[in-house]
Amino acid sequence: MSDAFPLPRRQDAVVDFLAHRRSNLAKAMDDPGPDADTLEAILRIGTRVPDHRKLSPWRLIVYQGEARAVFGRTLEAAYRADNPDHPEDRHRFEAERFLRAPVVIAVISAPVDCVRGTPVWEQQLSAGSVCLKLCLAAQAHGFGAQWLSEWYAYDPRIHAEMGLAEGEQVAGFIYIGTATQAATPRPRPDLSDVVTHV
Ligand SMILES: Cc1cc2nc3c(=O)[nH]c(=O)nc-3n(C[C@H](O)[C@H](O)[C@H](O)COP(=O)(O)O)c2cc1C
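Residues numbered from 1 in each chain as written. Predicted model: local features only at pLDDT ≥ 70, side-chain atom pairs only at ≥ 80, totals over all residues.

Draft legend 1. Broad picture of the packing of helix α3 (residues 66–82) against helix α4 (residues 88–95). At a minimum axis distance of 7 Å, the contact between α3 and α4 shows a crossing angle of 140 degrees. In this view, α3 runs oblique relative to α4, as classed from their interaxial angle. Between α3 and α4 the crossing geometry is right-handed. For the pair α3 and α4, contact is made by G72, R73, L75, E76, Y79 and R80 and by H91, E94 and A95, respectively. Residues belonging to the contact of α3 with α4 are distributed by class as follows: three nonpolar, two polar and four charged. (Axes fitted to C-alpha atoms, helices over the stretch in contact; angles between N-to-C directions. Helix = DSSP H or I, 4+ residues; strand = E, 2+ residues; numbered from the N terminus. Parallel < 35°, antiparallel > 145°, perpendicular 65-115°, else oblique. Left-handed = near helix turned anticlockwise from the far one by under 90°. Contact = placed C-beta atoms within 7 Å. Nonpolar A, V, L, I, M, F, W, Y, C, P; charged D, E, K, R; others polar.)

Draft legend 2. Molecular detail of the pairing of strand β5 (residues 169–179). Where burial is concerned, most of β5 is hidden: nine out of the eleven residues are buried. With two bridges joining them, strand β1 (residues 29–30) and β5 adopt antiparallel strand pairing. If you follow M29 over to β5, its bridge partner there is A179. Summarising the sheet, strand β3 (residues 103–109) and β5 pair through seven bridges and their orientation is antiparallel. Paired with S109 across the two strands is Q169, which belongs to β5. In terms of strand pairing, strand β4 (residues 144–148) meets β5 through five bridges, oriented antiparallel. In the strand pairing of β5, W147 is matched with I174. (Buried ≥ 20, exposed ≤ 12 C-beta atoms within 10 Å, placed from the backbone. Pairing = 2+ DSSP bridges.)

Honestly, it's all geometry; don't read function into it.
This is the structure we're talking about:
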């Protein structure tokens with residue numbers, strides 16, 4: 001019988017990638033983004049995540065091209081309504097948020113009714129896994145990636161524009177593009193502060 005999935009083996013390049021990768025800043029991304037085939041590969045890898053009972057309790061919205069500017073107009077309108085006195089360049093910043101990167105993927109946590117017994121928390125964790133896996137997949141293909149929420153992940157007006165249903169939440173906006181700046185080091189916790197060996 002052939003083994004579709006061989007036993008785990010050491011893969012030094014993958015270990016090195018995982019040990020050293022860092023997020024890239026959305027504001028330091030540029031064209032080109034992934035082409036259609038590469039984006040599909042990133043989406044395929046990104047949605048291959050732990051998912052208790054195979055519920056796929058998430059969905060993705062991909063923003064590219066003009067759709068990014070359209071979304072920006074919604075952001076600007078909401079921001080302007082809340083901050084009418086802010087300077088015009090601040091409003092423009094909101095309008096151009098999605099234009100920072102050639103591709104932005106909204107990962108929506110969409111928990112399935114719990115009749116089948118998977119706690120909502122576990123389903124939300126699965127959505128978080130999609131976010132990280134998208135970042136890893138994009139970076140493994142040579143692109144910069146950053147997982148952001150920012151204010152608009154939590155704004156009901158933006159949720160309405162995105163078509164979020166009751167119970168759905170934005171797990172993250174994954175910005176993907178060509179990184180124009182090397183990432184700087186980020187302090188990490190001491191293992192002894194976060195790990196207990198028993
Ligand atoms: C749910 C979630 C939301 C985040 N939102 C933001 C954000 O709005 N702004 C920000 O600067 N970083 C945000 N981050 C942090 C970055 O995505 C990232 O974790 C950080 O830059 C370090 O990542 P790295 O370990 O991949 O380098 C968020 C992280 C998570 C998990």
